[in-house]
Each structure stands twice: as structure tokens, then as C-alpha cells.
Amino acid sequence: MKKLLLTIPLAGMILASCSEDLKLREDNIDEIVAAMTLEEKAQLIIGVGMDGVDLDRPVVGSTNSGKVPGAAGYTAAIERLGIPSIALCDGPAGLRIQPKRENDNATYYCTHFPIGTLLASTWDQELVEKVGEAMGNEVLEYGADVLLAPALNIHRNPLCGRNFEYYSEDPIVSGKIAAAYVKGIQSNGVGTSIKHFAFNNQETNRMGDNAIISTRAIREIYLKGFEIAVKEAAPWTVMSSYNYINGDYDSESVDLLTNILRDDWKYAGTVMTDWFGGTDGARQVHAGNDMLQPGRQGQYQSIIDGVKNGTLDIAEVDRNVKRILQLVVKSPTFKGYKYTNKPDLTAHAEITRKSATEGMVLLENKDAALPLKDVKKIALFGITAYNWIAGGTGSGDVNRAYTVSLLDGLKNAGFETNPNLQKAYQEWNDKEQKRLDAARPEGLAGLMFTEVAKELDVNTVDYKAAIADADVALITIGRISGEGGDRKVEDFELNTTEKELIQKVTAAAHAAGKKAIVVLNIGGVIETASWKNIPDAILCAWQGGQEGGNSVADVLSGKANPSGKLTMTWPVNFRDHKSSENFPINVEVPMAMGKNPIEGKTPETEGAIKNVDYTIYEEGIYVGYRWFDTQKMAVSYPFGYGKSYTTFEYSNPTITSEADKLIVTVDIKNTGAVEGKEIAQVYVTAPAGTLDKPAQELKAFAKTKSLKPGESQSLKMEIKTTDLASFDEAKNAWVVDAGEYTVKIGASSRDIKAELKANVAASTTNVSKAFMAQK
Ligand code: BGC
């Protein structure tokens, strides 16, 4: 931070007093910055607080505008300069605001769309963009300006509590899906905030954990998705994450926020912290973290003091203020948009219902057990069938008007369910809800409460009679997780009650000549290897938002053909993931809000707890299938896997080279009896070079339109040759080795349909010096 002239704030004040008519316009931002006092600048940089959280600091100008009750934060209004306060709201499964307001009979419910993992499982950028358009329309019509989404941290380990919000273990899938989402939302003239930038791959001690990661893994795995989203979709804002990276707070990291984000990627938007992230306002400003949300006294003071004592350059303050004002002038609030508070929730319910079916993954389907045929009556088992989970908890939850349970969805579709089972489950659920209400902590922590109703012991109901009375048995298994905590091993495994439920119900169904189907209402990967051969079919329905039960019924009945594929590997055992050696497993750490408990500890720090105070990403780039495929390790379901009610044939694979890209084409034909969509994936194996490489890496993918039986479509997938590069730490550059690359077209990472070869020339792309040495 450079020394500065102490006279500048004073000059600003003098100017300010002479320019009473000066008001913010799109073309006078520099003039406005020059007219602002230092206090106003510091106020604009830090937020104006959060409802219900005591800020304990003076506020210059206006406080929380209160325009959108339930907003996570606002920027400060500085009325004398015509700077309005803009509203920042969560995300990402829909707009999160308060559904009811004081002295107001109207309701302000928002649509709960499918969770991020489900959207990514569609592998369909066009569809995700459409969902984004609908979601962004609610942002606009409820008077908000920026949606704090999408969330695209890498699924490093299945136990991360927020994986449901995130997309994939693969950065290409994450980046492409995020870019589509951002484009959809921003087509409404409202902003997004891609988060959490970056390395927020565990919730345990998320504000204090020091992620220790190699420069190569940083570039190739953890930042690649953000890079794609920034370059392809220009999100209005980026949200820096809570954790430390190699010893520095992310929100105070010049390497991350300036050298990489601004210099390498040419990002021109605004960066904000995650809520209460980081402590040292001056360091955050210096790093290029433009806005500190929702702002603390200490941060405010350190900006003022830093400028006054010369340790913080006013030019850096002005640069950040300018970037905040550039955001403000784009906002609907600044433009005076007359919002209605009446988005078309009915139309959006239809969009979420349809989109959810496209991301459900059919894991098993023996003898075409699905779609249901000649089924009228269903014996419906499993607590979540009656108490459906729409999405995860925390800031990613949405205040929706309703959730369609699977029970309701099946009834809406014309099925009958067994009344005795319904009675038993509902009574059990009521009892469980009372127990959960008593256990739920008060206040903010309640938001993060993830315990769900325990499964009913199948032996307590006459399941054989229920099956005898029905045409098919359906069993749901549910899981929920959320912000502030990671999942436990027990959450990954099925417990004895659940296993018994699957075993006994399937055995009874088979004994009666009927089929048993399992539906998974989950937000993260679970263990399947030990029981997946028992039932006739398994549908991973994820958490499909408020219309979830209808969407599942559409798939079960055959009205919709599931076309999702897994964006992460389902291991036999979660410990098969290399990252499980360095992940907080069953550790209880209370979530710290509003205070900084820990200071980027390293393994050498006395008393530092492994995987809590610091986490060493020893697996490097070997995350997900990059690990399993290189190790040739058995998995329960591979990356990219998913069945359909129809079958597809791959033919005529071709590859051509152009100046800077490879073009891969393949014809896909629907060879089955019903209409359906297929997702083709392109994996590349590099020739041997100086760096070790994974056995294969996904480089492109495409989804067909809905193909009628017998219909074909030629898919074209492009790979820029620079995307074949690996990051060479010794050269601090992206390096493409010359040689023959094997380009594979697959239906999953383990179902390769064709192999092609391409010769590629060497290339080197130098980048900024960032994260050069681990601290
Ligand atoms: C979460 C963010 C969220 C913010 C505002 C934080 O605790 O990590 O994802 O956008 O709160 O609610």
C-alpha cells in the first residue's frame, strides 16, 4: 500500500460542499467519487448492516433502505449525491426474502427452484439459462438488484454440507452451468454474485479454516469454473469466500482478487465479501475486495485510519468506490424500475416442475421397472414421501408458498396410495416434528438446523398388507444438509432402519410378484453400493424445489423421461475419495458468525487442529473421477452416469482440427421406444509429458434435443487447444504438451463409445504470479 497525501479527504469535503446539485449518473462516476468524503467512501465500501444484527458503529448517510424485507444486505445510500441503496438477496435456489410484512396482507413468496446440484445434473445450459430467466424475473419484480448466486465451489468431498448448492466435482461442468445461470438471471437487468470465491469446500470452521492448496490445483480445479463463468457471462459481482487460502484470508488476497481475477481474467465487475468475512478493512480494500458486507465497525475504522495514517492508498479506496458505483448505476433501483411485487409465480412453478425432471438421475431400472405400467395403487414408504425436502438449509433456502410432497404429487397424477401407511407416517411425522421443534436452536442457528424426522421403523406397520393392496411399492430415502456444517459419515451411510425398510419392502413386494422402487430425495451423495441391487429401480430425484413431488410423479408415470446424469462420482465408500484423508469427519465446531475465531493457522501453529484450523489438499488435482479413473478404482456410479427410459446409439464419431480448436462430432440415435434426451461427454487423455496427468479429463459435453424413437441428432463439441493445458508451477504458465491426444466420446466417464486421435502443437500461456509458494 502506497503512502498518500493526507490532504485528499479534506479536498473531497470542500468539493462536496460546493456541489450540492451533483447527482450520480452513468457518465459522471469519477466526479462523484471526487465529491465524496472519506467517511462516505468508507460507508459505501462497507454495507449498512443486516436486519437483526447489531452493528455497533456509526453509519454515515442512510442505513438499510428496508426496501426488500429479508434482503441479506444493502449498499449505503448517499442521498446528497443521488446514490441509492441497492438490495442484495440470496440465492441460489430462488430469491430469498421475507414472505410476509408487518401491517401488510399481501404475501411475498418466491419460487423454490431445484437445488444447484440438480440443475447441473441436467448438463443443459439452455435449460439452466431459462430457469435463471425466471428466477431473475422474481429478483426484478420484488425490487431487488443482485441475487447472491450462483454457488459453484467444487464438490471436493461428498460430506461438504453445502454441496447441494454447488454443481460438480468437475470445473468445466461447474463453469458452464454457472455461466448459463448468470446469463439467465442477468438477462433481466439484475445482477448475480458468483460465490464463494474460492476454496470454500468445507463448512466446518468455514470462517477460519486455512485451505492449503498447490498452485496447480488452485488454477486447474478450484478456480477454473469461476474463470469460465467470469469470461463467458460477466457476472456483475463476485463474492469472496470466508476461508483462508495458503495463509491469507480470501477477502484479503491480492493474488486471488487482483492478480488472478482482474489481471489474468480481466474481470471488470465488483467484488464483495461473504457476510462478515475477513477482519481488516484496509487489507481487504487493498486486495481489491470492493465491498465488505454487511460491514463492521472495525473494517470501517481501519479504512478511515489506514487512509489517515498513510498505510492505505486513497487511490485504492477510490478504485473500489468507483466499482461499487458502476454496479449501482446498472441496478434497477438506480434506473427507477417500477417493480410490481407480483411475479408470475404460477408460470414459474411450471418451469421449476419441468426443469426438475431433467436433472433427475435414473440409477437403476431392472427389467424396465420404470416408468410405472398398469399401476393404480401405490404402497408409499419412507418419511420423506410425506414430508418432502425441497432444498437444503441456510441462505440457500427459499421462502416458498408450498412444497408438493411425493404423496401429493402421486395423487395429483391420479395414483392412489395406501391410507393405512399414510396415517402411520403422518402420525409419526407429527410426533417427530414436535421433537425437532424442541431440539431446534433459537435465532440464527435455527436457520442452519439440518436434523430431519427419523425414519419410521417398517416393522411397526403392516407393510405386507399394504403391499398386497397395491400394484407397486415405492420407498423414499431423504437427506438434508446446509450452511454452517458438514455432513456426518452416518448421513452418507444408510442406517439400519433405512436398510431394513428397503430389504423388507422389496422382499415382500417380490414375494407378491410386485416391484419395489427407491426414490432418493437428497442433496448430496449417499452410499449405494451395499444395497443398490436390492430394489428394481432407483431414481435420484435430488431436491427439486417446491414442485418436487409433482416432478417425481411426472418421471415415475413416464410423462417425463429422466435425462439427468451425475456430475460427481458416487464412491463405494466415501473414504475412497483421496480428499477424505484431509476432510473434517464428524467434527463438531460451532459456526462463528460476526467474529473471527482463528487466524489462518498452519500445521506448525501450536494447538492447530488438522482439517479444522487448516486443511491440506494433499490430493492436488486428483479430485473426483480424476482420482478414481487414474487409480482404476471401482465406484458405485461413475461421473457422467445416468440411465433413460430409452436407449441411444452413438455413431460416426469425427474429429477435425482448426487453428486453435478441435471439433468433435457424433451422431446420437434414439434406439428405444420412447422419446428422450442423451448427454454426450468428451474426455481427453494427454500424451506423456513433464507433468503427471489424470487418466482423462472432461473437456466438452452436449445434450441432444428430445429425440423421438428412431430419430438422430448430430452433436458438435468444441475444445479450444489452450483448454488442453495443464498448469506448470515451475513455469507459472499454462502448458500444452505437443503430441497425440486421445479424445474419447462417452455416455459416462466409464462408458466410452469412441476413441479418436488428434495431434496438437505445444503452447505456453504465461499468467500473473499468484500463489507461487505455499505459506
Ligand atoms: C453465506 C452466503 C450468503 C450470505 C448472505 C453467508 O453466510 O455463506 O452464501 O450469500 O451469507 O446471506
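Structure's up top.
Notes on the structure follow.

Procedures and definitions
- Residues numbered from 1 in each chain as written.
- Predicted model: local features only at pLDDT ≥ 70, side-chain atom pairs only at ≥ 80, totals over all residues.
- Heavy atoms only, no water.
- Axes fitted to C-alpha atoms, helices over the stretch in contact; angles between N-to-C directions.
- Helix = DSSP H or I, 4+ residues; strand = E, 2+ residues; numbered from the N terminus.
- Parallel < 35°, antiparallel > 145°, perpendicular 65-115°, else oblique.
- Left-handed = near helix turned anticlockwise from the far one by under 90°.
- Contact = heavy atoms within 4.5 Å.
- Nonpolar A, V, L, I, M, F, W, Y, C, P; charged D, E, K, R; others polar.
- Phe/Tyr/Trp six-rings, centres within 6.5 Å; stacked < 30°, edge-to-face > 60°.
- Buried < 20%, exposed > 50% of the residue type's maximum accessible area, 1.4 Å probe, protein only.
- Pairing = 2+ DSSP bridges.
- Near = heavy atom within 4 Å.
- Polar contact = N/O pair within 3.5 Å; in protein donor to acceptor, adjacent residues only side chain to side chain.
- Areas by Shrake-Rupley, 256 points an atom, 1.4 Å probe, with all protein chains shown as cover.
- Salt bridge = Lys/Arg side-chain N within 4 Å of Asp/Glu carboxyl O.

Attention now goes to the packing of helix 3 (residues 38–45) against helix 12 (residues 314–330). For any two helices packed against each other, the geometry comes down to the angle between their axes and how far apart the axes lie. The N-to-C vectors of helix 3 and helix 12 enclose an angle of 55 degrees; their axes lie 10 Å apart at closest approach. Here helix 3 lies oblique to helix 12, going by the angle between them. In the packing of helix 3 onto helix 12, the handedness of the crossing is left-handed. Side by side, helix 3 and helix 12 meet where Leu 38, Lys 41, Leu 44 and Ile 45 of the first sit next to Ile 314, Val 317, Asp 318, Asn 320, Val 321, Ile 324 and Leu 325 of the second. Considering only residue class, the contact of helix 3 with helix 12 consists of eight nonpolar, one polar and two charged.

Moving on: the packing of aromatic side chains. One pass over the structure, following the stated rule, counts 18 aromatic pairs. With centroids separated by 6.4 Å and ring planes inclined at 90 degrees, the aromatic side chains of Phe 199 and Phe 771 adopt a geometry described as edge-to-face. Of the two residues, Phe 199 sits in the loop between strand 4 (191–197) and strand 5 (210–212) while Phe 771 sits in the segment after strand 28 (763–766), which places them 572 residues apart along the sequence. Take Phe 199: its relative accessible area is 3%, and that puts it in the buried class.

This paragraph deals with the pairing of strand 22 (residues 697–703). Successive residues of a regular strand alternate their side chains across the two faces of the sheet. Burial analysis of strand 22 places seven of its seven residues in the buried class, which makes it a mostly covered element. Relative to strand 22, strand 21 (residues 679–685) runs antiparallel, the two sharing six bridges. Of the residues in strand 22, the one forming a bridge with Ala 680 is Ala 702.

Quick look at the site of the ligand now. If you check the shell around the ligand, you find 13 residues, and the closest are Asp 90, Arg 162, His 196, Asp 274 and Glu 483. Between Arg 206 and the ligand, the recorded distance is 3.1 Å, taken from a side-chain N or O atom to an oxygen atom. Here an oxygen atom of the ligand and a side-chain polar atom of Tyr 242 are 2.9 Å apart. When the ligand sits alone it has 300 Å² of accessible area, and the protein chains cover 96% of it. In terms of residue class, the shell around the ligand is made up of five nonpolar, two polar and six charged.

The four strands lie next to each other as 22-21-26-27, forming an open sheet whose pairing is antiparallel. Since the sheet does not close on itself, it has two edges, and those belong to strand 22 and strand 27 (751–760), each with one partner. Sheet twist, expressed as the average angle between the axes of neighbouring strands with direction ignored, equals 25 degrees. Inspection of the sheet shows strand 26 (residues 739–748) paired to strand 27 by nine bridges, in the antiparallel sense. Among the inter-strand pairings, Thr 742 is bridged to a residue of strand 27, identified as Lys 757.

Time to look at the pattern of salt bridges. Inspection of every chain in the model, using the stated rule, returns 45 salt bridges. As a salt-bridge pair, Arg 206 and Glu 483 come within 2.9 Å of each other at their nearest N and O atoms. Of this pair, Arg 206 sits in the loop between strand 4 and strand 5 while Glu 483 sits in the loop between strand 13 (472–478) and helix 20 (489–492), placing them 277 residues apart in sequence. Comparing Arg 206 with Glu 483, the two get one shared label, buried. The salt bridge involving Glu 350 is made with Lys 354; its shortest N-O contact spans 3.9 Å. Here the residue Glu 350 and the residue Lys 354 both occupy positions in helix 14 (residues 345–359), the gap between them amounting to four residues, near one helical turn. The partly exposed category is assigned to Glu 350, whose relative accessible area is 38%. Residues participating in the shared-partner salt-bridge network are Arg 162, Glu 165, Glu 203, Arg 206 and Glu 483.

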